[in-house]
Amino acid sequence: MTALTGRLLAGMNDNLHQLRCFGCGARLKGAEARPDFRCAACGDLFEVEYPGWSERKGPDRPNAGALKWLWRERRCSSEALDHSGVWRFRELLPILDSFGNAMTLSEGNTPLYHLTRAARALGIDRLFAKHQGMNPTGSFKDTGMAAAMSVAKERGFEWVACASTGNTSASMAAYASRAGLRSLVLIPEGKIAWGKLSQAMDYGAVTCQLKADFDGCLTLLTQIVNEAPIYLLNSVNPYRLEGQKTPAFEIAEAFDWNVPDHLIVPGGNLGNSSALGKGFRELHELGLVARMPRISVIQAEGANPLVRSLETSQGTTLEPVEAHTRATAIRIGNPASWRKAARVIQDTGGWCLDVTEAEIAIAKAELGAEGLGCEPASAVTLAGLKKLRDRGVVDPGETVVLVLTGHTLKDADYTIDFHRGTLLKDEEKAGREAEIDALRRNAVAVEATPAAVLAAMKGRAG
Ligand code: F0G
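Residues numbered from 1 in each chain as written. Predicted model: local features only at pLDDT ≥ 70, side-chain atom pairs only at ≥ 80, totals over all residues. Heavy atoms only, no water.

This next bit is on the overall build of the chain. Across its full length, the chain holds 20 helices and 13 strands. In summary, the chain has a C-alpha radius of gyration of 22 Å against a globular reference of 23 Å for 462 residues, a match within 12%. Each principal axis of the C-alpha atoms in the chain carries an extent, and together these give about 70 × 50 × 50 Å. Expressed as a percentage of the 462 residues in the chain, the buried residues total 57%. A separation of at least 24 residues holds for 69% of the contacts in the chain among residues at least 6 apart in sequence. Here the chain displays about 18900 Å² of accessible surface, and carbon together with sulfur accounts for 50% of that area. (Helix = DSSP H or I, 4+ residues; strand = E, 2+ residues; numbered from the N terminus. Rg over C-alpha atoms; globule rule 2.2 N^0.38 Å. Buried < 20%, exposed > 50% of the residue type's maximum accessible area, 1.4 Å probe, protein only. Contact = heavy atoms within 4.5 Å. Areas by Shrake-Rupley, 256 points an atom, 1.4 Å probe, with all protein chains shown as cover.)

If you want it as structure tokens, here you go:
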């Protein structure tokens, strides 16, 4: 860093963060939070805040131009932290006493793809996918884990733990092993995709399959961390969200700091939508971008407590549901961060809606056919956009970004079942059969002869 940049950024590296309760506004020092990250006064969750930012006005404000220059320069640096799409932006997440404790698996810096076919079909020219499935363990969780695992390490924990529908556990297990920590995973038995379970095993976690759903696993884990010195790494941990806000910075940077009009995010436990909203809000407050994008959250119809909450009580109360969906990553009925996500949707003028199992499967196959592919939970974003277009609320001239959260190989069973025609029940696909059949590309058994293979290419076999 040059002396000039050093002066322009002076003070931005100081670890002067505090935690602020999202419900009652109570403030704590980071290390004072309870092990379950719930407010002792009102039970709500905390958010990381940086009081120094609002205190420094006028000429003391961080220099937006210098930051943008520095963050781009770091991509050419040979330092491991500079290569991380999280720590590259470390001035906006000063959560550690020393960045020497920051750990990374080179997460972030994920691709932003132009979705040409879907754009044509929907009549929206500028439609993009930010593919967070291209992270080291194949999901968006890695950005949050880089941040929160670094805090766990700095605070001297030996054990970390999470309840998970699969991706958090895969990510946590990898980052824990790299940090030299032990990890405990609680997962709902039979309800997570094999790819994710295999990752947790391979990265060395103690993996407990429970006869409970995700919500039950998280409740149990909350009791456990209140009894034993284990660091909780679910997205109730506010440091996770600090890492998960960084894709907002990457998106803004990719559009040369003109934010897109609309960002569409899947909703499960609702940490990700909350984090991305926080990221864009901070960019706006610090004067790095001129406005915030509209942020919409899409849930599966069988796991839609936030949709119901916004419909019935404008997001003031949430009634848990018993969740059902083949998009197992978002099979969550009692999401922890619902208040934060509701605020993001309301503050940005976004929408919250749900999509059916058939709509998810079709959207996933369409993204696959674009050469991208993603997890079923990620495909809700395209399915949701189609609904918003049908309702006439998204303009063809808008720039829209879909956040794809997981890699297609995470849940190969889902994909194979779709292409074999065994994924959806008759009542689930009623009325959409032709559309589904047109997207199916089942493998065909053919004789080992040139004629048979050439016939298969013309679609005559199978
Ligand atoms: N997409 C994928 C692929 C996920 O794994 C998740 C959440 C979501 C979307 C929803 O994100 O919870 O922040 O609203 N998976 C968690 C897990 C719950 O345990 O892996 P969210």
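Let's shift gears to the sheet that holds strand S12 (residues 352-355). If you walk across this open sheet you meet the six strands as S4-S5-S13-S10-S11-S12, and the pairing is mixed. The sheet is open, and its two borders are formed by strand S4 (112-114) and S12, each paired with just one other strand. Direction aside, the axes of adjacent strands within the sheet are offset by 25° on average. Pairing of strand S5 (residues 126-131) with strand S13 (residues 399-404), which is carried by six bridges, proceeds in the parallel orientation. The residue of S13 that forms the bridge with Phe128 is Val401. Contacts between helix H15 (residues 357-369) and the sheet are confined to strand S11 (294-300), S12 and S13, with S12 contributing the most and set at about 90° to the helix. Set on the sheet, helix H16 (residues 376-390) makes contact with S5, strand S10 (262-266), S11, S12 and S13; between it and S10 the angle comes to about 135°. (Pairing = 2+ DSSP bridges. Axes fitted to C-alpha atoms, helices over the stretch in contact; angles between N-to-C directions.)

Near the ligand you find 20 residues, and of these Ser164, Thr165, Asn269, Leu270 and Thr405 are the closest. Taking Ser164, its side chain carries an N or O atom lying 2.8 Å from an oxygen atom of the ligand. Protein chains bury 98% of the 470 Å² of accessible surface belonging to the ligand in isolation. For the shell around the ligand, the secondary-structure elements that each account for two or more residues are helix H7 (167-179) and helix H12 (271-285). Its residues assigned to classes, the shell around the ligand comprises six nonpolar, 12 polar and two charged. (Near = heavy atom within 4 Å. Polar contact = N/O pair within 3.5 Å; in protein donor to acceptor, adjacent residues only side chain to side chain. Nonpolar A, V, L, I, M, F, W, Y, C, P; charged D, E, K, R; others polar.)

Mean pLDDT over the chain stands at 94; residues scoring 70 or higher make up 95%. The low-confidence segment residues 1-8 (pLDDT under 50) makes seven contacts with residues lying over four places distant or belonging to another chain. (pLDDT = per-residue confidence, 0-100.)

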